[in-house]
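Close look at the chain arrangement
Read off the chains here:
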Amino acid sequence: MQLPTNTEKPNIMHVDLNSAFAMTEQQARPSLRGRPVGVTNRLTKGACVIACSYEAKFKGVKVGMRFDEAKILAPGMIMLESDPPKYHHVYQKLVAIMKSYSPNVKMKSIDEGIIDFHDTRGVINTRPLSVIGFEIKRRVQDEIGDWMRVNVGIAPNRFLAKLAAGLHKPDGLDVITHKNLRKTYNQLELTDLPGIAEHYEARLNAHGIRTPLQFLDAPSDLLRRQVFRSVVGEDWYRRLRGFEADNIATKLGNVGRQFVLDVRTTDEDAILARFQHLCESTGKKLRYNGVDARGVLVWLTFANGEGWQKRQMFKTTFFTDKAVYERALYIFNKRPKHLLITAMGITCYQLTPSARSQISILETVNKEDWLTTAVDEVNERYGTFVITSANTVNAKKRLKQKIPFGSTKYFELLLK
Amino acid sequence: MDPTIRVDARVEVIAAYRMGKHGPICMPARMKYKNREINFTKLGMRHPTTQGKRMIHVFDVSDGQDDYRLEFDAEALTWTLVSVLGGQNAAAD
């Protein structure tokens, strides 16, 4: 397969609220503006930076860095604990602005999304997209806050639009078309391309591809049969040329939760309380998504650096907190007992649409369903985990809901 | 690490309402706390949050020097000063 470059007019706009959490904190608290700020999910000594302001980035701080390392690079750096409702508010405002231009909006994560202008250019959005892009930037400042900045990228496909949005951070607007495609690639490294990290770079290098232009000029067969050895190579061939390869609807594959332990302890009760709380959170996510599960995976990491995991499929599907905990505990009890746990996680898989509307012939099954519904309704009214297992009460204070990376699917749930 | 000072105290607040470019704006204008009156000059952000079905409006405001987080309980109609971030002290330890 040989394709030319896509000459279609650019109709995809990528809007990216860079350093979103840190920028939001600076918006809310003016005294933080112009200072290096980091955001973490839990303020501990070894806290990890999940977002940082541009002032911190300019000093070399990167996402994923520990706070004590970041502080060496950016003395005076302020570290704040994440505030999900605040970010959710900004997210909702951003979505409202984007949806005012097209119904075809897809949020890729908490701070970035795509507006597809196909089918709306004829009547509603007749102005050039760059004009609309500048308008969105202005509206973000007017409607969310004067400190907020977004990057906008416009291109014929999602990949190039994201690439364009990253060209001039933190306040850029760039358009990539077939006319400036080669020129744009010529200014970049392979790892500047979204989706190309060190591993893929090494693969490409091994086949003599060292620049984005060489990547663009590589034949489809080489990418498919030798470099990526799968259809992934063909997708890359298409997306580099401006053809759409990323408009894919994803299906919910698993549901779970994980937690880095706030204490290192051998106290079985303390560990089980946290573990049960994870199970209850996972049960809520199952019901929120309207699915039942059949499989459970439990994983642990230990203080000596070792990891352990075990999974099991069960005969019947389940969705209640109790059922999740019973099954997960059965697996959890098979762990190596002599090692100190530092992190734990549970994942439910083999998901199917919920069969809860079907009344069972077994009274006990119905009672469990009704009890779960009643508890969920009370929690919905008065706040999540108002009714919870007695032995998880202390854990509830420790395991605060946090913003998950790269996903918006539980946003509404985690804020309740 | 985090220079925010937790307060959690009930306070008296005078709020101002006006029509902004994109709808009505409510902003705490003055707060009485520990026999001091603090005038707010800038609204950083307002965002809603909930405790169950109970609506709490969070206001991040500034008096030009320090930042204050105020919460208005829309059911009980009470104002709480949640925390203060001292502008001059806002440096990591």
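The model shown is predicted, which means the values in this text are computed figures rather than measured ones.

A few points about the nonpolar core
All names here are of chain A. Ranked by internal contacts, the top residues of the largest apolar core, which has 36 residues, are Met 13, Leu 94, Ile 136 and Val 140. Broken down by secondary-structure element, the contributors of at least two residues to this core are strand E1 (12-16), helix H1 (20-28), helix H4 (84-99), strand E5 (105-109), helix H5 (129-143) and strand E7 (151-155). For this core, the element with the most residues is H4, which contributes seven residues. Those residues in contact with Ile 136, other than ones at most four positions away along the chain, are Met 13, Val 15, Ile 97, Tyr 101 and Ile 115.

Some points on the side chain of Thr 320 of chain A
Residues and elements named next belong to chain A. Residue placement: Thr 320 occurs in the loop between strand E11 (307-318) and helix H13 (321-332). For Thr 320, a relative accessible area of 4% corresponds to the buried category. Among the polar contacts made by the side chain of Thr 320, one reaches the main-chain amide nitrogen of Ala 323 at a distance of 3.0 Å. A distance of 2.8 Å separates polar atoms of two side chains, one belonging to Thr 320 and the other to Glu 368. For Thr 320, the contacting residues outside a window of four places in its chain are Arg 287, Glu 368 and Thr 372.

Some words on the sheet that holds strand E8 (residues 173-175) of chain A
Residue and element names in this part refer to chain A. On the basis of which strands lie adjacent, the open sheet formed by five strands has the order E5-E6-E1-E7-E8 and mixed pairing. Single-partner strands in this sheet number two, and they are E5 and E8. Within this sheet the neighbouring strands show an average axis-to-axis angle of 15 degrees, counted without direction. Where E1 meets E7, five bridges bridge the pair, whose relative direction is antiparallel. Within E7, the position partnered with Val 15 by the bridge is Val 152.

Re unusual backbone geometry
Looking along the chain, the bond that leaves Lys 169 of chain A and enters Pro 170 of chain A is cis, with omega of 5 degrees. Within the secondary structure, Pro 170 of chain A sits in the loop between helix H6 (158-165) and E8. Even without a glycine there, the phi angle at Ser 19 of chain A is positive, about 50 degrees. Residue Ser 19 of chain A is classed as buried on the basis of its relative accessible area, which comes to 8%. Even without being glycine, Asn 35 of chain B reaches a positive phi, approximately 60 degrees. If you trace the backbone, Asn 35 of chain B turns up in the loop between strand E2 (23-33) and strand E3 (36-39).

Focus: the sheet that holds strand E6 (residues 67-73) of chain B
Pairing between the strands of a sheet is mediated by backbone hydrogen bonds and can be parallel or antiparallel. If you walk across this open sheet you meet the seven strands as E3-E2-E1-E7-E6-E5-E4 (chain B), and the pairing is antiparallel. One side of each edge strand has no neighbouring strand; the edge strands of this open sheet are E3 and strand E4 (42-51) of chain B. If you compare each strand with its neighbour and ignore which way they point, the axes differ by 35 degrees on average. Pairing between E2 of chain B and E3 of chain B: four bridges, direction antiparallel. Directly across from Tyr 33 of chain B, in E3 of chain B, lies its bridge partner Arg 36 of chain B. Contacts from H1 of chain A reach E4 and strand E5 (54-62) of chain B, with the element oriented near 115 degrees to E4 of chain B.

Topic: the confidence of the model for chain B
All names here are of chain B. Averaged over chain B, the pLDDT score is 88; the fraction of residues at 70 or greater is 92%. This model gives residues 89-93 a pLDDT under 50, and the stretch forms 16 contacts once residues within four places in sequence are excluded. Interface predicted TM-score (ipTM) for the complex: 0.90; the corresponding pTM is 0.81.

Digging into helix H12 (residues 268-288) of chain A
All names here are of chain A. Its 21 residues place the ends of H12 30 Å apart at the C-alpha level, agreeing with the 30 Å of an ideal helix rising 1.5 Å per residue. Of all the 21 residues making up H12, 18 are buried; the element is thus mostly covered by neighbouring parts of the structure. If you check the start of H12, you find a side-chain oxygen 3.0 Å away from the backbone N of Asp 269, and it comes from Asp 267. Remark: Gly 290 follows H12 within two positions and exhibits a positive phi of approximately 65 degrees.

Structural notes on the pairing of E5 of chain B
Residue and element names in this part refer to chain B. Looking at chain direction, E4 and E5 are connected through nine bridges and run antiparallel. Bridge assignment links Thr 50 to a residue of E5, and that residue is Met 55. Between the end of E4 and the start of E5, which pair antiparallel, lie two residues, with Gly 52 showing a positive phi angle near 65 degrees. As paired elements, E5 and E6 share seven bridges and run antiparallel to each other.

Comments concerning the packing of aromatic side chains
Residue and element names in this part refer to chain A. For the structure on display, the rule yields 12 aromatic pairs over all chains. Arranged with centres 6.4 Å apart and planes meeting at 55 degrees, the rings of Phe 275 and Tyr 325 form a pair that is tilted. Here Phe 275 is found in helix H12, whereas its partner Tyr 325 is found in helix H13, with 50 residues between them in sequence. Of the two residues examined, Phe 275 and Tyr 325, each falls in the buried class. With a centroid separation of 6.3 Å and 90 degrees between ring planes, the pair formed by Phe 314 and Phe 318 is classed as edge-to-face. On the basis of relative accessible area, Phe 318 is assigned to the buried category, the value being 3%. Put simply, the rings of Phe 159, Tyr 200, Phe 215, Phe 228 and Trp 236 pair up and form one aromatic cluster. If you follow Arg 241 out to its NZ or CZ, it ends over the ring of Tyr 237, 3.7 Å from the centre. A cation over an aromatic ring shows up here: Arg 381 above the ring of Tyr 382, its NZ or CZ 5.0 Å from the ring centre.

Side note on the interface of chain A and chain B
Counting residues at the interface gives 35 residues for chain A and 28 residues for chain B. When the buried surface of chain A facing chain B is broken down by residue, Arg 29, Ser 31 and His 89 of chain A rank first, second and third, together holding 19% of it. Viewed at the interface, chain B and chain A are joined by two salt bridges. Its salt-bridge partner being Arg 69 of chain B, residue Asp 83 of chain A comes within 2.7 Å of it at the nearest N-O pair. Of all the secondary structure elements, the ones that give two or more residues to the side of chain A that touches chain B are H1, helix H3 (67-73), strand E4 (78-81), H4, H5 and helix H14 (363-382) of chain A. Residues that form the side of chain A that touches chain B fall into these classes: 14 nonpolar, seven polar and 14 charged.

Focus: a nonpolar patch on the surface
Residue and element names in this part refer to chain A. Together, Ile 361, Leu 362 and Val 365 make up a nonpolar patch on the protein surface, roughly 340 Å² of accessible area in all. Mapped onto the elements, Ile 361 comes out in the loop between strand E13 (352-353) and H14. Given a relative accessible area of 86%, Ile 361 falls into the exposed group.

So, how was this worked out
Residues numbered from 1 in each chain as written. Chains lettered and ligands numbered in written order. Predicted model: local features only at pLDDT ≥ 70, side-chain atom pairs only at ≥ 80, totals over all residues. Heavy atoms only, no water. Core = buried A, V, L, I, M, F, W, Y, C linked by side-chain atoms within 4.5 Å. Buried < 20%, exposed > 50% of the residue type's maximum accessible area, 1.4 Å probe, protein only. Helix = DSSP H or I, 4+ residues; strand = E, 2+ residues; numbered from the N terminus. Contact = heavy atoms within 4.5 Å. Polar contact = N/O pair within 3.5 Å; in protein donor to acceptor, adjacent residues only side chain to side chain. Pairing = 2+ DSSP bridges. Axes fitted to C-alpha atoms, helices over the stretch in contact; angles between N-to-C directions. pLDDT = per-residue confidence, 0-100. Expected span 1.5 Å × (residues − 1). Phe/Tyr/Trp six-rings, centres within 6.5 Å; stacked < 30°, edge-to-face > 60°. Lys NZ or Arg CZ within 6 Å of the ring centre and 35° of its normal. Buried area = accessible area lost by both parts, 1.4 Å probe. Salt bridge = Lys/Arg side-chain N within 4 Å of Asp/Glu carboxyl O. Nonpolar A, V, L, I, M, F, W, Y, C, P; charged D, E, K, R; others polar. Patch = residues over 30% accessible without salt bridge, like charges linked within 9 Å, V, L, I, M, F, W, Y side chains within 5 Å. Areas by Shrake-Rupley, 256 points an atom, 1.4 Å probe, with all protein chains shown as cover.

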